[in-house]
Each structure stands twice: as C-alpha cells, then as structure tokens.
Amino acid sequence: MDTKSPPLAHHFATLKQQHETATLGMWMFLVTELMLFGGLFLAYTVYRVRNPAEFAIASKHLNIWFGGINTVVLLTSSLTMALGVYWAQTGKRNLLTVGLVLTALLGVTFLVIKGFEYYGDYVENLMPGLAFDDAEWHELGVRPERVKMFLIIYYMMTGIHALHLIIGIAIIGLLAFWAHRGHYTPAYYYPIEVGGLYWHFVDVIWVFLLPLLYLAGVRH
Amino acid sequence: MAEHQGQVRTYGVIFVVLIALTGLTVWLGSIDLGEWHTPVGLAVAATKAVLIVLFFMHMLHGPRLTWAIAGTTLLFLAILLLLTLTDYLSRDWPTGRVRGEMETSSAQFFL
Amino acid sequence: MSTVIAEPSSRPAEPASKPVNYLNVQFGVRSWLLTTDHKRIAILYLISITVMFFLGSLAIVPVRLQLLKPDNDLLDADTYNKMFTMHGVVMVFFFIIPGIPAVLGNFLLPMMLGAKDLAFPKLNLLSWYVYLLGGAFSLYAMIAGGVDTGWTFYTPYSTRSSHTNVIPVGLGAFTAGFSSILTGLNFLVTTHKMRAPGLTWFRLPLFVWAMYATSIIILLGTPVVAVTILMLAIERIFQVGVFDPALGGDPLLFQHLFWFYSHPAVYIMILPAMGVVTEIVPCFSRKNIYGYKFIAFSSLAIALLGFLVWGHHMFVSGQSVYLGMIFSILSFLVAVPSAIKVFNWTATLYKGSVSFETPMLFAFGFIGLFTIGGLTGMFLATLGTDVHLHDTYFVIAHFHFIMVGGVVMAYMGGLHFWWPKMTGRMYSEFWGRIAAMLIFIGFILTFLPQFVVGHLGMPRRYFQYAPEFQVHNVMSTAGASILGVGYFLPLIYLIGSLAYGPKASSNPWKATGLEWQTPSPPPTENFPVTPVVTREPYRYSEEVPVGY
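Residues numbered from 1 in each chain as written. Chains lettered and ligands numbered in written order. Predicted model: local features only at pLDDT ≥ 70, side-chain atom pairs only at ≥ 80, totals over all residues.

## Regarding the overall build of chain A
The cut-off we apply is this: Helix and strand assignments come from DSSP, with helices taken as H or I runs of at least 4 residues and strands as E runs of at least 2, each series counted from the N terminus. Burial in this document is a count-based property: other C-beta atoms within 10 Å of a residue's C-beta are tallied, and the residue is buried at 20 or more, exposed at 12 or fewer, or partly exposed in between, with C-beta positions derived from the backbone.
When helices and strands are counted, chain A shows 7 helices and 2 strands. Helices and strands in chain A line up, N terminus first, as α-α-α-α-β-β-α-α-α. Referenced to the eigenvectors of the C-alpha coordinate spread, the extents of chain A come out at roughly 70 × 30 × 30 Å. Counting only residues that meet the buried cut, chain A has 52% of its 220 residues in that class.

This is the structure we're talking about:
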C-alpha cells in the first residue's frame, strides 16, 4: 500500500468526500447492529416483565465483581480508542499504535475475565443444560424454568456481545499493524475513526447489559 | 475533521465521569428503590451511553445527519419494544369473551 | 435535465470505430467474478435472480398439479408442505426482496446520481457473494430433504417438532439478509454523499427516492429477523430457548420478532416496484409526473408506517385484542400513501400522450393489479373479516396480486425499459407485448379464483380440499400454466436480442434522466465528465433528444 500519498479511490472527487462517506457508512452499519441487539433486548424485556421475581433473584447470582470490572475495562478501552483517533489526527504515529494496541489488549482482557466468569457460572450451577440444580431455586421460592429463561438470555446477550468484541479486537489489531507501518497520516486516518465508532458501539451495548443482567434485583 | 479534534482533557474528564457513573450504578443496585430500581439503572446507563456517543464517537460536533440516523434508529427500537410489550401487558384485559375451562387452566402456564 | 460540461476531460478521445463500454472493456471470467463495477454486479445479480425465480416457480408446479383434484395423491402431505415452503423461501428471500434493488437499483442508482459507482464498490461485490452463499445454504436444505415449516418458520414446530432441515434454510435466509443489508447501506450512503453537483434532493428521480426509502427499511428491519433466526437456531440446537413454553416462553414472541421485519419486507418489495412504475409512466405519457413531492414523501411514509402494522399477521394468534385493534387502524393508515401514488400515476396519464410499448403495458398491469391487491388488503386489515379470511386462499391471492401482479410486473417493465441501456440492444417489441399480455391474462386466471375460493373458506397450506372448490383450483392451475409461458418468453427474446436485436441509441425511449445521457451500454465510469444538474426531472414538456 502506498504510504506517501493518501489513497483516493477512483469514484470519489476528494479525500474529504471519501472520509465522510466511510464514516457515514459505519454509522449506517451501527444502525443494523443496534436493531440486532434490539431483538435480544425485546426478549429480555418481555420475560422480565412476566417473571420479575425469577429475573431479580437469578440476576443476583451473577458475579457483579466480574461484571463491574469488565465494565471498567471496556470504558478504559474506549478512552484509549478515542485517544488513538486523536493521535491519528495529530500525526503521532507511535502514540496511535500504543493506543490501538492498548485498546485491543483491554478487549482481550474483557474476554479473559468473561471466560473466568463463565467458568464460575458453570461451577455455580448457572448453566441450563450443563450445570443446573432445580432444587436450589425451589428452595428460594421461584420457578427454576423461569430462572433458566433468564440465564439463556444472559448467555445469548453476552455471547453475541463477545462475538462482536472478538471481531472488534481483530479490526483494531489490523489497524494497529497498519498504524505501526506508518500507513496513516493526519490527512488519511479515517479507518481509525471508523474502527473507533464500531468499538465504542460495542462498549455502549455492554453499558446497558450491566444493569439489565447484573442488577435486575437488589443486591443487599 | 481537523476542526473538531476532541481534546485529551475532554476525553479524560468524560472517562472519569463514566467510571464514576459505573460505581453509581453498582451502588444503586444495592439499594432498594422499589419500582424505581429499573428506571434509575437504565437512566444511568443511558447517561453513560449518551456521553460515549456524543464525545468518544464525536457526535456532538458531527453532522446533523448522524443525529438523524441515531434518532431514527432509537425511534424504531422503541416501536419494537413498546408495541410488542403492549401485547403482553394488555393480553389479559377483559374483552367480554367467555373463557372456557381448558383456556383458564392453561392460562397460568404462560404467567 | 441539462448537462453542462464541468471539468475538462482528461482522457484521450476514444477511437470512433469500437466504443468501449462496461461489457467489452475486459473479457474473461475473472474480470466478471472480481469486478467492482456496479453495472457488472447488477448483471451478475440478474443472472442469479433469474435462476432463483425459475427455481421458485418450479417448486410450485407440483403444488398446483396436486391441487387439480380435491383428494389428489400426487404428493403426500409432508412433501406438499416442503414444496410450498421451498416456493416461499426462494421467492421471498432470494427473488423478490433482492430483485429490483440488486438488479435495477445497482445498475441505475449511481447513474441516476451522476456518480461513477456506488459508495462502496467492493462491499457491493461482497453482497453478491453473500447472496450466493445464502442461496447455497438454502438449496442444500432443499436437496437434503427440504423444509416443511412454511417460509414463516413458526415456533414451536420449527424448534421442536419438525424433522426437516430448518437450520440450513434458516442460515440461508440469515445470510441473504446480510446481502440485503449491505446493498441497502450502500444505496443510502451513495444517495447522501455522491450526488452530482446541482442534484438536490428534489431534483432526484423518484426511483432514487424509492430506493432510499427501501434501504431505510432494509437497515432497520432485516437485523431483527436475523437475530430472530439466530434465536430459533439456538433453541432448535440446544432444545432450550426463549420461545419454549416449558420455560415460560411464548411462541408469539417469535411471531412478533419475525413479522417486525417481514411486514416491512413487503414494502422492501413494493417500493422499488413503485419507483420503476414512476419512471415508466411519465416517459410513455410524455408528461411530467404529477405530484412529485407527494410521491417522494409517500415513499418515506410507507417506510415509516410499514413498521407499525406487523400485528395484522397475528390477529388470530392469541395476541392482545386491544393491540389487534391498534394494528388494524394503523394498517388502514398505511394504505393511504400507496393510494396517493396510484392517484398520481393516474393523474400523470390524464391528458398525456400515452403509448403502449412493452414497459408501459407492464406498468399498466402493475397499476391495475396492485390496486386490486391493495384494496383486498383492507378486508384483511379489518379485524372482524380477517378472523374469517386468515389462513385462507384470500390471503394468498392478496399477496400474490401485490407481489406478482405488482412487483414482478414492475420488475419486468423495468427490465424492458432499461434493457437497451444495460445491453445496448433493442428487444422484439412484438414478442414483448405478447409476453406482457400472456402474463396479465395468466395472472388473472391464476389468482382471481383464489380470492373466491378463499372467501368461501378454502384453507391455505392444505394438500387436499373440499370438492366444491375444484373448479376454481383447476382455473388457477390453468392460469399458472399460461403464466409460466408468459415468463418463459422474455428469457428467449431478451437473450436473443443480445445477438439479433438492433443496436440501441443512448436514449431510444426519449426519456429524461441522467442514465439516458450516456451511451448504451455505458462506459465503465458511466460519465466521461461528471454532469452538473441545473433543472428539475421529468421535463417531458420539452423535446428530449434521442442522443447519439
């Protein structure tokens, strides 16, 4: 790839048009992502309204420490991503690379913590089909099937979120590689901005998952 | 794109606010707010989301088109959620229809 | 619209002997399979979509043969279910939803905007490959034994009881959805960012407005059905899920999620068709379109209102009666913008200089049949009558009037209208008119009896029926045979025109629009010089040059 002059595609008149088009394209894509998660939010909402007790109790059994720490991890990664874009705009190649690498590493950290969390869920009999104890919930006075419903939704939402995060890490990693090669300049850095938009979106989804999944019930 | 380069300090401030709001979310989750529990939690989450979108995603100084896109999407998401929820909330409202024995006994299955 | 030279041409003059166009600029399979030219991608889609159309048509042949006799045993019930499912899945996801956008939209949108290509040419090519992948999954499902859930995949049958290939076909529909999203995204961004200088929103051809509204629906609706199919697959694989009544799940949740997309999907089908008709009618009336802004805004209104009516598919499902009433009223409302368009087309014809070339014949067919189909929708939108008509052939007739009598007619009309531009050849007008008449007659014979027999109570998706319905079913099958001939003819004369048709000028119909200002077929970059637009569209009151 030519690193000397900004690559203007043949069907654009100016690099500015190309930049704006790319950014607009990512915003449009985020529309589809929001509606995709929207379907899951609908399932959550419907069953929470129908089974408030089960959702509250099951939610309290999730590990809030992991959930909370992961939230901080992702928010920090959003900071490093935003700073990365700024350093791209100001032509600071090394800082840009550091920012992108940190963002990706924080994403990986999230996944590792999530992995430990899932393992913990398994140990705690919170995996319908694999590790679940009906009696435990009967003793608490709630219906085990409805608890399973909460957990299924929990795994679907966090699972699909994690899938998006993995894709995001791959994208940021790729951007970091090209950034390190000096590929981006203050005139041509929109791929960083576009990647950043996607990354922030994945963060925003998690910001909503935290209260919905972990704090549905009062944790005394 | 050169006009509105977010400044490092703004990002830092927003980040601190986001972390603080996260702490607030978790703390509020331990207080019994009764029926306000969920709305409050969602309100804090929404605030965090708005901050991320406006500042980290540069929507605050971005083109109006971005605002229109985000607004439209939220509108249709709201339609999906609210209209469907209306079904579940109003399904058992009286319609004057006489319920058969089979219907009544199995109805509790869905509640 | 006037075209003014804005930039000096930087390319040397082409030799006059052999003009280079997008078809002959490069030969070879690789130049086609790796193309990023929106026009070539449109042709690739044209071929795949035609294949899918004939596959979907083939699937319904055994069904119509089975229905010749009330107690026929040509097919058993399970096979019958698989055939109509395949018909629905292929036609809905692989023909009619992509159809006009992927073929005509891809070819024309950049040209109508005065652009060199879509915003994301490589994404465009990817969308075609993703479409093929989806088609491959679905065809695998069909060959490996079929699917018998109906194209609507209702739970819990699809998640628990059906022993057919639900997951592969679900994967196919899911993948086709992504192809659709990529196309819609491309169209939206292109319309915002790549209009030629002077091409303001209200100077855009109404086909562009139609594609814009369609793309909004695609982006907002398709992801919901995608995640729904995902949830269905998870439940089917793990036998626990969110639609499972044993866990307190509600099968109706599936229906809400499914129809939240699948109702707007019918507007994804009809809006581009309306856009095509809006381009054809002024041209063959030699008159400006009546009510430009009404047509433009009604397209947006349909896109918005279309998302508010999905519950009319669920009136008898157990959904809240009160919500049903709301959906019923909203369904009445959504008919209004469509009716506005019909008024505007009719008003355009009034005191125009009307001629009956093949594209116009198809446009007339559209206006008449779509109106009938739309009006019958009112009976279905009415809660009380829908209780009687739901799941009968009345519904089948209603949506076929709109999808076949409407969308396919418009697609054929558009194909004929822009064929000279796309291929540089004129087709046989004689055979075109024969095909249009055969399609029209065949269509009416096929589907009008279905209104009658549906209203009399014949249920849909049944492999046998009460004897008193036989006459209508025989008429319907007979009509379908004529329809088949009608659709087969264009295959012959359109392909034949590539070799034997007279060469087309740049503007054989004397139409307005930027796409007619370039040679037929166009060069790869569409316009040697970026046009500058200074006047409004559809200026048929002036003499439009035939071109060079």
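## What about the overall build of chain C?
This is how it is decided: As a reference, a globule follows 2.2 Å times the number of residues to the power 0.38, and the radius of gyration itself is taken over C-alpha atoms. What counts as a contact here is a pair of residues whose C-beta atoms, placed from the backbone, lie within 7 Å.
Secondary structure summary: chain C contains 16 helices and 0 strands in total. Over its C-alpha trace chain C gives a radius of gyration of 23 Å, about what one expects of a compact globule, namely 24 Å for 548 residues. For the C-alpha atoms alone, the extent of chain C along its principal axes is close to 70 × 50 × 45 Å. Burial analysis of chain C (548 residues in total) assigns 59% to the buried set. Considering only contacts in chain C between residues 6 or more positions apart, those separated by 24 or more positions represent 85%.

## A word on helix H2 (residues 37–56) of chain B
We apply this condition: Helix span, expected: 1.5 Å multiplied by one less than the number of residues in the helix.
Spanning 20 residues, H2(B) covers 28 Å between terminal C-alpha atoms, matching the ideal 28 Å at 1.5 Å per step. Taken as a whole, H2(B) has its buried residues at Gly41(B), Val44(B), Ala45(B), Lys48(B), Leu51(B), Ile52(B), Val53(B), Phe55(B) and Phe56(B). In the core, the buried residues of H2(B) are packed alongside helix H3 (64–89) and helix H7 (190–214) of chain A together with helix H1 (8–28) and helix H3 (64–90) of chain B. One or two positions beyond H2(B), positive phi appears at His58(B), with a value near 60°.

## Side note on the interface of chain C and chain B
Where interface size is quoted, it is often the accessible area lost as the parts come together. Note the threshold: Ten residue types, Ala, Val, Leu, Ile, Met, Phe, Trp, Tyr, Cys and Pro, are classed as nonpolar, four, Asp, Glu, Lys and Arg, as charged, and the remainder, Gly among them, as polar.
Each side of the interface is counted separately: chain C has 14 residues, and chain B has 14 residues. Those elements giving two or more residues to the side of chain C that touches chain B turn out to be helix H8 (206–238), helix H9 (251–283) and helix H11 (321–349) of chain C. With 3 residues, the single largest contributor to the side of chain C that touches chain B is H11(C). Of the residues belonging to the side of chain C that touches chain B, the class tally is 9 nonpolar, 4 polar and 1 charged.

## Section: the interface of chain A and chain B
In this assembly, 36 residues from chain A lie in contact with 34 residues from chain B. Among the secondary structure elements, those contributing two or more residues to the side of chain A that touches chain B are helix H1 (15–50), H3 and H7 of chain A. Tallying contributions element by element places H1(A) first for the side of chain A that touches chain B, with 13 residues.

## Regarding the packing of H9(C) against H11(C)
Residues and elements named next belong to chain C. Note the threshold: Orientation is described by axes fitted as lines to C-alpha atoms, over the contacting stretch for helices, and by angles from 0 to 180 degrees between their N-to-C directions. Oblique is the label for any angle not covered by the other classes, which are roughly parallel (under 35 degrees), roughly antiparallel (over 145) and roughly perpendicular (65 to 115). Note on convention: near helix rotated counterclockwise from far helix by under a right angle means a left-handed crossing. Clockwise means right-handed.
Orientation of H9 relative to H11, taken along the N-to-C sense of each, is 15°, at an axis distance of 10 Å. Classed by the angle they form, the pair H9 and H11 counts as roughly parallel. As H9 runs across H11, the sense of the crossing is left-handed. The residues of H11 that touch H9, namely those facing Met-274, Val-277, Val-281 and Pro-282, are Lys-341, Trp-345, Thr-348 and Leu-349. Class assignment for the residues of the contact of H9 with H11 results in 6 nonpolar, 1 polar and 1 charged.

## Details of helix H3 (residues 77–96) of chain C
The end-to-end C-alpha distance of H3(C) is 27 Å, a good match for the 28 Å that 20 residues give at a rise of 1.5 Å each. Among the 20 residues that make up H3(C), 16 are buried, leaving the element largely enclosed by the rest of the structure.

## Section: the packing of H1(A) against H8(C)
At their nearest, the axes of H1(A) and H8(C) sit 8 Å apart, and the two run at 45° to each other. On the basis of their axis angle, the class for H1(A) and H8(C) is oblique. Where H1(A) crosses over H8(C), the two elements pack in a sense that is right-handed. Taken together, the residues of H8(C) that come into contact with H1(A) (itself represented by Met28(A), Val31(A), Thr32(A), Met35(A), Leu36(A), Gly38(A), Gly39(A), Leu40(A) and Ala43(A)) are Leu219(C), Leu220(C), Pro223(C), Val224(C), Ala226(C), Val227(C), Thr228(C) and Met231(C). For the contact of H1(A) with H8(C), the class distribution of residues is 13 nonpolar, 4 polar and no charged.

## Quick word on the environment of Thr382(C)
Within the secondary structure, Thr382(C) sits in the loop between helix H12 (358–381) and helix H13 (383–389). Residues Thr382(C) and Ser179(C), spaced 203 residues apart in sequence, show a C-alpha to C-alpha distance of 35 Å.

## What to know about the nonpolar core
Cut-off, in case you're wondering: Take the buried Ala, Val, Leu, Ile, Met, Phe, Trp, Tyr and Cys residues, join any whose C-beta atoms are within 7 Å, and the set you get is a nonpolar core.
Membership of the largest hydrophobic core comes to 280 residues, with the highest contact counts inside it found for Met28(A), Ala43(A), Ile153(A), Met269(C), Ala273(C), Val277(C) and Phe366(C). For this core, the element with the most residues is H9(C), which contributes 22 residues. Every residue in contact with Phe366(C), bar those within four places of it in the chain, is listed here: Ala273(C), Val277(C), Gly406(C), Met409(C), Ala410(C) and Gly413(C).

## Quick look at the environment of Gly29(B)
As for its placement among the helices and strands, Gly29(B) is situated in the loop between H1 and H2. When near neighbours in sequence (up to four residues on either side) are disregarded, Gly29(B) contacts Leu215(A), Val218(A), Arg219(A) and Gly41(B).

## Let's talk about the confidence of the model for chain C
All names here are of chain C. Note the threshold: Confidence of the predictor at the level of single residues is captured by pLDDT, which takes values from 0 to 100.
In this model, chain C carries an average pLDDT of 94, and 96% of its residues clear a pLDDT of 70 or more. Note that pLDDT drops below 50 for residues 1–12; the model gives that stretch 22 contacts with residues more than four away or on any other chain. The ipTM value of the predicted complex is 0.95, and its pTM value is 0.94.

## A word on unusual backbone geometry
Residues and elements named next belong to chain C. Along the chain, Thr-155 connects to Pro-156 via a cis peptide bond; the corresponding omega equals -5°. For Pro-156, the location among the structural elements is in the loop between helix H5 (121–143) and helix H6 (157–161). Cis geometry marks the peptide bond from Ser-520 to Pro-521, where omega comes out at -10°. Here Pro-521 is to be found in the segment after helix H16 (470–500).

## Some details on the environment of Thr109(A)
Note that Thr109(A) resides in helix H4 (residues 93–123). The exposure class assigned to Thr109(A) is partly exposed, which follows from the 16 C-beta atoms found within 10 Å.

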